[in-house]
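Read off the chains here:
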Amino acid sequence: CQPGPLPGKPPVIVKRLRIALPSGNKSNNAEGAEHLDDLLMRRTRLGLVAPRGGLDWLGHIREIAQPELGWDDARWDREAQRYVQLWKQCYDIP
């Protein structure tokens with residue numbers, strides 16, 4: 001069963017990402033997440049606690065995280081593909 005579209009941004013996404021990626025704190029990003037899976041699995045734990053690892057929320061996550069991380073669209077797409085593959089291989093129920 002696939003969940004339907006999310007109405008607005010789920011508050012947990014916004015809260016956890018704002019904590020992990022404080023606006024304007026570029027030093028946090030320099031020491032912070034190198035990859036999307038690091039951000040979602042270790043730093044915010046959204047990948048561990050959100051339904052389907054937060055896969056259905058990637059659009060919302062992108063709106064918040066991509067500008068803070070300074071990633072262009074090509075980098076985001078590579079990171080998202082890497083995250084989806086990792087989550088499906090290691091965390092999804094077969």
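Rules and cut-offs
- Residues numbered from 1 in each chain as written.
- Predicted model: local features only at pLDDT ≥ 70, side-chain atom pairs only at ≥ 80, totals over all residues.
- Heavy atoms only, no water.
- Axes fitted to C-alpha atoms, helices over the stretch in contact; angles between N-to-C directions.
- Helix = DSSP H or I, 4+ residues; strand = E, 2+ residues; numbered from the N terminus.
- Parallel < 35°, antiparallel > 145°, perpendicular 65-115°, else oblique.
- Left-handed = near helix turned anticlockwise from the far one by under 90°.
- Contact = heavy atoms within 4.5 Å.

*Asks:* Mind showing me how you'd approach the packing of helix H5 (residues 58–69) against helix H6 (residues 73–90) here?
*Replies:* The angle between the axes and the distance between the axes are what describe a pair of packed helices. Packing of H5 against H6 leaves a shortest axis separation of 12 Å and a crossing angle of 135 degrees. Considering their axes alone, H5 and H6 lie oblique with respect to each other. Read as a crossing pair, H5 and H6 show a hand that is right-handed. Mapping the contact onto sequence places Leu 58, Ile 61, Arg 62, Ala 65 and Gln 66 in H5 and Asp 73, Trp 76, Asp 77, Tyr 83 and Val 84 in H6.

*Asks:* Looking at this structure, how should I read unusual backbone geometry?
*Replies:* Excluding glycine, a negative phi dihedral is what most residues carry, and trans is how most peptide bonds are arranged. Backbone geometry places Arg 45, a non-glycine residue, at a positive phi of 65 degrees. Positive phi is not limited to glycine here, since Arg 52 has a value of about 55 degrees.

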